[in-house]
Amino acid sequence: MTRKFAISLAFGAAATLAIWGGLPGAARAQEANACPVDGCIAKITSVSKEGDELAVEFEANFMPEMSKNHLHVWWGDRFDVKQVSNNAETEHSVAQGDWHPTDIYPSYVTTGAASVTQREGTTVLCVSPADRNHDIIDAEEFMCLDVADQL
Ligand SMILES: [Cu+2]
């Protein structure tokens, strides 16, 4: 088991999720990308070894799509959530970092900037929702896990 590192995100309105889960497939894929009223939330529910990389299970309250709302994955001791955003410098006044943008959901394997080869000593893997501009949607909504036991 991986230890919860930072924030345990509680999902918002159960009613919203119930409606989402009840929609037919097509309507669900088309409409569920928008952030619910409480905002887009994503979390890591499990991490395991996948060769030299990590297999990660995500849980989100929206359906990630690269050209719309999607996920940013990064090594947490390397960068703050505000750095893994296209507007890091213009909006948050921090240096822009490296992240891997993905809509591979819910089962993802670390790659690109989120590859195990890019962790530079840290063992903390993070995820946060981002929008079509690759801006982090809410710098308060992210989750990081210490994945040391899977490295
Ligand atoms: Cu992005």
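For the structure itself, consult the block above.
As the structure is a prediction and not an experimental result, all values here were calculated from the model.

(A) A look at the overall build of the protein chain. Regarding its fold elements, the protein chain presents 3 helices and 8 strands. Counted from the first residue to the last, the protein chain has its helices and strands arranged as β-α-α-β-β-β-α-β-β-β-β. Across the protein chain, every contact between residues at least 6 apart in sequence was considered, and the portion connecting residues at least 24 apart equals 68%.

(B) Expanded view of the sheet that holds strand β6 (residues 107–109). Read from one edge of the open sheet, 3 strands run β2-β3-β6, paired in antiparallel fashion. Each edge of the open sheet carries a strand with a single partner, namely β2 (42–50) and β6. Taking each pair of neighbouring strands and ignoring which way they run, the sheet shows an average axis angle of 25°. By the bridge criterion, 8 bridges tie β2 to strand β3 (residues 53–60) in an arrangement that is antiparallel. Bridge assignment links S46 to a residue of β3, and that residue is E57.

(C) Representation of the environment of N33 in the model. Structurally, N33 is set in the loop between α2 (25–31) and β2. Along the primary structure N33 and N69 are separated by 36 residues, whereas in three dimensions their C-alpha atoms are 6.2 Å apart. Once residues lying within four places of it in the same chain are set aside, the contact partners of N33 are F62, M63, E65, K68 and N69.

(D) The arrangement of the environment of K82 in detail. The residue K82 is located in the loop between β4 (70–75) and α3 (88–92) in this model. Taking the C-alpha atoms as reference points, K82 and G97, 15 residues apart in sequence, are found 8.7 Å from one another. Not counting chain neighbours up to four residues away, the residues in contact with K82 comprise A88, H92, V94, I136 and A139.

(E) Structural context of the nonpolar core. Counting 31 residues, the largest nonpolar core has I44, W74, L125 and V127 as its most contacted members. Of all the secondary-structure elements, those providing two or more residues to this core are β2, β3, β4, β7 (124–130) and β8 (143–146).

(F) Representation of unusual backbone geometry in the model. A cis amide bond links Y105 with the next residue in sequence, P106, at an omega value of 0°. Examined against the element boundaries, P106 turns out to sit in the loop between β5 (100–102) and β6. The phi dihedral of S93 is positive, around 55°, even though this residue is not glycine. You can see S93 is positioned in the loop between α3 and β5.

(G) Examining the environment of Q96 more closely. Here Q96 lies in the loop between α3 and β5. In contact with Q96, not counting residues within four places along its chain, are Q83, A88 and E89.

(H) Molecular detail of the pairing of β3. The hairpin formed by β2 and β3 contains 2 residues between the paired strands, and G51 there has a positive phi angle of roughly 65°. Sheet topology places β3 next to β6; 3 bridges connect them, and they run antiparallel. Bridge pairing links V56 to Y108 in β6.

Quick notes on the rules
- Within each chain, residues carry numbers counting from 1 in the order of the written sequence.
- Whole-chain, interface and lining totals are the exception, using all residues; otherwise, since this is a predicted model, local features are given only for residues with pLDDT of at least 70 and side-chain atom pairs are given and counted only at 80 or more.
- Numbered from the N terminus, helices here are DSSP runs of H or I no shorter than four residues, and strands are runs of E no shorter than two.
- For the purpose of contact definition, each residue receives a C-beta atom placed from its backbone, and two residues are in contact when these atoms lie within 7 Å.
- We call two strands paired when DSSP finds no fewer than two bridges between them.
- Here an axis means a line fitted to C-alpha atoms, over the contact stretch when the element is a helix, while the angle between two N-to-C directions is reported on a 0 to 180 degree scale.
- To form a nonpolar core, buried Ala, Val, Leu, Ile, Met, Phe, Trp, Tyr and Cys residues must be joined through C-beta atoms within 7 Å.
- Put plainly, a residue is buried at 20 or more neighbouring C-beta atoms within 10 Å of its own, exposed at 12 or fewer, and partly exposed in between, counting only other residues' C-beta atoms, which are placed from the backbone.

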